[in-house]
Amino acid sequence: MKFLSQAFVVVCATLFGSVVGDAAASTFSPARPPAIPLAVKSPYMSTWQYAGSDGGNGGYLAGQWPQFWAGQVAAWTGMIRVDGTTYTWMGAPTGPALVTQTSFEYTSTKSVFTMDVGGLVEMNITFLSTLTPDDQKRQSLIFSYLDVGVQSLDGNSHDVQLYTDISAGESAYHVIPAITDRLFRMGFWRSLRCRTMGSRYHQGWQNQLLFSETSDQADWGYWYYATKKVHGLSFQSGSDATVRANFQSNGNLTNTKDTDYRAINAQYPVFGFASDLGQVSGSVNTLYTIGLTQEQAIQFDGATGVVPLTSLWTSYFSSETDATKLSFVYNDYGTASQTAAALDSQISSDSIGLGGQDYLTITSLAARQAFGALQLVGNSTKQYLFLKEISSDGNVQTVDVIFPFHPVLLYLKPELLKLLLDPLFENQESGQYPNMYSMHDLGSSYPNATGHPDGNDEQQPLEECGNMLIMTLAYSQRAQDKAYLQQHYKILKQWTQYLIQEALIPADQISTDDFAGSLANQTNLALKGIIGIEAMAVIANMTNNTADGANYTNIAHDYIDKWQVYGIAQDATPPHTTLGYGLNDTHGLLYNLYGDQELGLKLVPQKVYDMQSAFYPTVADTYGVPLDTRHNYTKSDWEMFTAAIASDDTKAMFIKELASWINDTPTNRPETDLYSATTGDWPGQGAGTFTARPVVGGHFALLALQAQTAAGIHN
Ligand SMILES: *[C@@H]1O[C@H](CO)[C@@H](O)[C@H](O)[C@H]1NC(C)=O
Ligand SMILES: *[C@@H]1O[C@H](CO)[C@@H](O)[C@H](O)[C@H]1NC(C)=O
Ligand SMILES: *[C@@H]1O[C@H](CO)[C@@H](O)[C@H](O)[C@H]1NC(C)=O
Ligand SMILES: *[C@@H]1O[C@H](CO)[C@@H](O)[C@H](O)[C@H]1NC(C)=O
Ligand SMILES: *[C@@H]1O[C@H](CO)[C@@H](O)[C@H](O)[C@H]1NC(C)=O
Ligand SMILES: *[C@@H]1O[C@H](CO)[C@@H](O)[C@H](O)[C@H]1NC(C)=O
Ligand SMILES: *[C@@H]1O[C@H](CO)[C@@H](O)[C@H](O)[C@H]1NC(C)=O
Ligand SMILES: *[C@@H]1O[C@H](CO)[C@@H](O)[C@H](O)[C@H]1NC(C)=O
Ligand SMILES: *[C@@H]1O[C@H](CO)[C@@H](O)[C@H](O)[C@H]1NC(C)=O
Ligand SMILES: *[C@@H]1O[C@H](CO)[C@@H](O)[C@H](O)[C@H]1NC(C)=O
C-alpha cells in the first residue's frame, strides 16, 4: 500500500445547495460516521454521503450531493411533493426546501434516514447493500436498493408524489464541472427504456472503454436505475433543470426521453421517476434498485496467459442487458432484506458479545466498506474473487491489503479467502513471476490483474511471504482443506526458504506500513516472518512432510528465542517490544502477534502478550495507540488486530477509542484506516489519503478468533 501521488479531487463550493434545515434535529445511531454508505457494493459502485466536518455536512441526506469514494459527485436526487409543495430529501437540487432529518441509523447492511416533511408526512429512507457470503449469485450482482416509505404524520391524509433521478454520463453519475476536464470528454449518453416483467428502468449508455478507468470510475458497463411500473408512475430523461421543474410544477413527468445525445456537462441529462402516491395516510413504500453490470470484469494473467474473466453473474444470467437479471434483483428485495437482517443480527450479537456496543459500532460500519472492494468473477466451474486496493494506489490483489482485510472472511466465509488467494498462486505457480519471494500484487491498476512478469512490483518480500503462509494455513484450518496445502506445498516451501534466510535479521526495507518509511531490523516485521516459518511447520506436519515439519519447528523456535532478546526493551519501564532491534526508546503496535493466535501456534510465550497488554495503555493517545514512535498517527486495522489478542482491559481501551473516533473524527471520506491518534483528523499527509480501503475487514479481528474456536483451533 502506498500514498497516492495523484492529487485528490477538490470538491467545489456548488456541492452544497442550500443549508441544512434543522441541523440539530437528527439523532445518529450508533454513531455519526465520517461518511454514510448509500450504495456500496463494488469498487465501482461506491456512493456515500460525506459527513465529517472536513467537508461533509454532519450526516444529512438532504442539502448535499452524494459522492463517489474518490470525491466525484453522484447527483442522486430525491424530492417529495406534499399537498403541492415540493421538498428535497436527497442531494442538492436547486429550489425546494429541505426535509427535516430526525434520525439516522446504520447496521452492517443498511443506512436508514427518517425525515419529517413539513410536519405533514414522515419518510423512512432505507439504503440496503447486501453482503451475501454464502450466496455467490447474489454477491456477484452489483446492485443496491433504495426503499422509501411515506406515511402521514399529523393524522390527516395528504396528496403525495415522490421523485428521484440519477444522472447520465460518466458512470451514469452526474459529475459537476471543476473536477477534471477528463471526465467530460467521455460523455455522450442515451437513455433506453424497456418494459419488462412489470418493471421500468433507465439504462445508462456511454462510449465503452473496456477495463479502463477515469479517476477510479469504470469506463465500461451499464448502469441501471429501476422501479416497478405501477399506476401513477411516470418517467422522463432530459436536462436536470427541465425534468426536476416538471416534477415541481406538475408532480409528474412527461413519459418522454431526450434523444439529444450530448456531453454530460451540457444541460446535465438526468433520468427521473415520479410516483403519484395519491392520498397517503397509512404507510406506502416505493422501491428502487441501482446497479452496474459489466459482462467482462477483470483481465487476468493466469496459468494460460492473459485472459478476460467475466462477472460471475454471467453464469446465472445471459447477458449485460438481460432484463431478467433486473427483474430478479428487483423482485428479490424481500429475500435480500431478510438475509441482510439475519446477517445484521449475527454481526450484532457476536460483536456485542465480544466487545459491547462500541465494538458493534466499529464492525457494522466496516462491513459494506470491506465487501465493497470485491468482485466475484469466473464461471460455473471456476470462480475467483478480486480485490481493489482502493484509494492507496489501485493495485489488484495486494497481498498486504488482503492480509489486514482477511479477518472478515475468516469470520463470515473462509472459502472466500481461498478465492482471493487462488489467482496469486495460479500466476506465480505458472512461472509468471521471477522472484523467489511472494509478489506484492497482481497488477498495478485494477481491473488489470496482468501480473508482474518483470518482477518489478513494490518490494515487500518478507511481509508478503509471511502473509501468504499465514493466510493459506488460516483458510485451510477453518475449511478443513488439507488438499489446498498439498497443492501449493512447493511454492509455500520456496517462500519459507526466503523467510529462513531473511526473517530473523530483516534487511533495511519497507513493511506494509510503507508510508512510515523503511528501516532495518523491524521487530514486528521479523515476528511475521518467524510466525510464517512456524505456520509452514504446521503445514508440513499436516501434509506428512514430517522432516520439514520438524526442521521448520526447530528453526522457528530458535528464531523466536533470539527475537525476544533482540526486539524487547527489557529494562524499560514498563518493558515492551521495540520498533527496531536495540532501539530501546522506540515502540510500535505489535500487530503481527495476531498470527500466532489466529493459527493456534503458541510459538510466542504468553509473557510477551502480557507485557504488550500492560504497555499499550501507557502510550495511548485520545483516539488510539500510535502505530509507532515515528509519528502520531495510528491504523485502525492494526489496532483491532492488537486488541484481539490483548488483555480484557487493554482490549476495551482500543475498542472504546476507535468507536469514539468514528463519532468525533472531522475526516469526511469513507472511513480512513490512517488518522492522527491525537486529533482524529487526517494523518498529516493530506486530506483524503487512505479512504474506503478494504483493510477495515480487519476490524473483525476479534470475531475471526471467536470463529476459530468453533473450527476446533485452540489456543
Ligand atoms: C418508519 O419506521 C418506523 C420503525 O420501523 C415505523 O414505526 C414507521 O411507521 C415507519 N414510517 C414510515 C413512513 O414508513
Ligand atoms: C487495462 O489494460 C487495458 C489494455 O488491455 C487498458 O486499455 C486500460 O487502460 C487498463 N486499465 C487501467 C485501469 O489501467
Ligand atoms: C401530468 O400532470 C399534468 C397536470 O395535472 C397533466 O396535465 C398531465 O397529463 C400529466 N402527465 C402525465 C404524463 O401523466
Ligand atoms: C471457466 O473458467 C476457467 C478459468 O478461467 C476456464 O479455463 C474455462 O474454460 C471456463 N469454462 C467455460 C465453460 O467457459
Ligand atoms: C540488526 O540486528 C542485528 C542483531 O542485533 C545486528 O547484528 C545488526 O547490526 C543490526 N543491523 C542494523 C542495520 O542495525
Ligand atoms: C511437527 O511434527 C514434529 C514431529 O514430527 C513435532 O516435533 C513438531 O513439534 C511439529 N510441529 C508443529 C508446529 O506442530
Ligand atoms: C498422512 O498420513 C496419515 C497416516 O499415514 C494418512 O492417514 C493421511 O492420509 C496422510 N495425509 C496426507 C495429506 O498425505
Ligand atoms: C532445514 O532447513 C534448512 C533451510 O531450508 C536447510 O538448510 C537444512 O538443511 C534443513 N535441515 C534439515 C535437517 O532438513
Ligand atoms: C537495550 O536494552 C537491552 C535489554 O533491555 C540492552 O541489552 C541493550 O544494551 C539496550 N540497548 C541500548 C542501545 O541501550
Ligand atoms: C506528536 O504530537 C505532539 C503534540 O502535538 C508533538 O509534540 C510531537 O512532536 C508529535 N510526535 C511526532 C512523532 O510527530
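Criteria and thresholds
Per chain, the residues get numbers from 1 upward, laid out in the order the sequence is written. Just so you know, chain letters begin at A and ligand numbers begin at 1, following the order they were written in. With the structure being a predicted model, the display of local features is reserved for residues of pLDDT at least 70 and the display and counting of side-chain atom pairs for 80 or more, all residues being used for whole-chain, interface and lining totals. Side-chain metrics in this entry use all non-hydrogen atoms of the structure; hydrogen atoms and water are not considered. What counts as a helix is a DSSP run of H or I of at least four residues, what counts as a strand is a run of E of at least two, and both are numbered from the N terminus. The contact definition used throughout considers only heavy atoms, calling two residues in contact when any of these lie within 4.5 Å. Using a 1.4 Å probe, accessible areas were evaluated by the Shrake-Rupley method; residue-level cover was limited to the displayed protein chains. Here a cavity is any set of points on a 1 Å grid over the protein atoms alone where a 1.4 Å probe fits but cannot get out, and a pocket is any open set with protein on both sides within 12 Å along at least 5 of 7 lines; a residue lines the site when it has an atom within 4 Å of a point. Grid points are joined across faces, edges and corners, and a volume is the space filled by probe spheres set on the points. Under the grouping applied here, Gly and all other residues not named as nonpolar or charged are polar, the nonpolar ones being Ala, Val, Leu, Ile, Met, Phe, Trp, Tyr, Cys and Pro and the charged ones Asp, Glu, Lys and Arg. Exposure above 30% relative accessible area and the lack of any salt bridge qualify a residue for a patch; like charges then connect within 9 Å, and the nonpolar side chains Val, Leu, Ile, Met, Phe, Trp and Tyr within 5 Å. By definition here, a salt bridge exists when the distance from a side-chain nitrogen of Lys or Arg to a carboxyl oxygen of Asp or Glu is within 4 Å. Partly exposed residues are those whose accessible area sits between 20% and 50% of the maximum for their type, while under 20% is buried and over 50% is exposed, using a 1.4 Å probe and protein chains only. Summary of the distance rule: residues count as near a molecule or strand when at least one heavy atom falls within 4 Å of that molecule or strand. Under this definition, polar contacts are N or O atom pairs within 3.5 Å; protein pairs additionally need one hydrogen-donor-capable and one acceptor-capable atom, and for neighbouring residues in sequence, both atoms have to be side-chain atoms. Only strands joined by at least two bridges in the DSSP assignment are considered to pair. All axes here are fitted lines through C-alpha atoms, helices being fitted over the stretch that makes contact, and every angle between N-to-C directions spans 0 to 180 degrees. Throughout this description, the term nonpolar core refers to a set of buried Ala, Val, Leu, Ile, Met, Phe, Trp, Tyr and Cys residues connected via side-chain atoms within 4.5 Å.

(A) Main features of the overall build of the protein chain. Per the secondary structure count, the protein chain includes 18 helices and 29 strands. Taking contacts inside the protein chain between residues at least 6 apart in sequence as the whole, the part at least 24 apart equals 71%. Total accessible area on the protein chain is roughly 22300 Å²; 49% of this is exposed by carbon and sulfur atoms.

(B) Spatial organisation of empty space enclosed by the protein. Inspection of every chain in the model, using the stated rule, returns eight cavities of 30 Å³ or more. For the largest cavity, the calculated volume is near 170 Å³. Along the wall of the largest cavity there are 19 residues; nearest its centre are Gln 522, Asn 524, Leu 579, Leu 589 and Asp 628. For the lining of the largest cavity, the leading source of residues is helix H12 (residues 523–542), giving three residues. Split into classes, the residues belonging to the lining of the largest cavity amount to six nonpolar, nine polar and four charged. When its volume is computed, the second largest cavity comes out at roughly 110 Å³. In terms of lining residues, the second largest cavity is bounded by 13 residues, among which Lys 41, Thr 130, Arg 138, Tyr 145 and Asp 332 are the most central. Elements that contribute at least two residues to the lining of the second largest cavity include exactly strand S11 (142–152), helix H4 (323–331) and helix H5 (333–371). Ranked by residues supplied to the lining of the second largest cavity, first place goes to H5 with three residues. Partitioned by chemical class, the residues of the lining of the second largest cavity number six nonpolar, four polar and three charged.

(C) Layout of a nonpolar patch on the surface. On the surface, Ile 505, Val 565 and Tyr 566 cluster together to form a nonpolar patch covering roughly 290 Å² of accessible area. For Tyr 566, the location among the structural elements is in helix H13 (residues 546–567). Overall, Tyr 566 belongs to the partly exposed group, its relative accessible area being 33%.

(D) Fine view of the site of ligand 1. Taken together, the residues surrounding ligand 1 are Glu 122, Asn 124, Gly 149, Val 150, Gln 151 and Ser 283. The side chain of Glu 122 places a nitrogen or oxygen atom 3.0 Å from a nitrogen atom of ligand 1. Gln 151 is positioned with one of its side-chain polar atoms (N or O) 3.0 Å from an oxygen atom of ligand 1. Burial of ligand 1 by the protein chains amounts to 50% of its free accessible area of 360 Å². Elements with a minimum of two residues in the shell around ligand 1: strand S10 (121–128) and S11.

(E) View of the environment of Tyr 559. For Tyr 559, the location among the structural elements is in helix H13. Sequence separation of Tyr 559 and Ile 533 is 26 residues, and the distance between their C-alpha atoms is 9.6 Å. Contact partners of Tyr 559, with chain neighbours within four places excluded, come to Leu 499, Ile 500, Leu 504, Ile 530 and Ile 533.

(F) A look at the site of ligand 6. In the vicinity of ligand 6, the contacting residues are Glu 534, Ala 537, Val 538, Asn 541 and Thr 553. In this structure, an oxygen atom belonging to ligand 6 sits 2.3 Å away from a side-chain N or O atom of Asn 541. The separation between a nitrogen atom of ligand 6 and a polar side-chain atom of Thr 553 is 2.9 Å. Isolated, ligand 6 exposes 360 Å² of accessible area, and the fraction of that covered by the protein chains is 51%. No other element matches H12, which puts four residues into the shell around ligand 6. Tallied by class, the residues present in the shell around ligand 6 amount to two nonpolar, two polar and one charged.

(G) Examining the side chain of Gln 369 more closely. Relative to the elements of secondary structure, Gln 369 occurs in helix H5. Those residues in contact with Gln 369 that lie beyond four places of it in its chain are Val 40, Trp 48, Pro 670, Glu 671, Ala 692, Arg 693, Pro 694 and Val 696.

(H) A look at the sheet that holds strand S3 (residues 46–50). An order of S2-S3-S4 is seen for the three strands of this open sheet, with the pairing classed as antiparallel. Strands at the two margins of the open sheet, each flanked by one partner only, are strand S2 (35–40) and strand S4 (67–68). Seen against the sheet, H5 touches S2 and S3 and runs at an angle of roughly 40° to S2.

(I) Here's a closer look at the nonpolar core. Counting residues in hydrophobic clusters, the biggest one holds 187 residues, and the most contacted among them are Ile 80, Trp 89 and Phe 386. Looking at which element gives the most residues to this core, the answer is H12, with eleven residues. Grouped together as the second largest cluster of nonpolar side chains are 16 residues, Leu 128, Tyr 224, Trp 313 and Ala 336 included.

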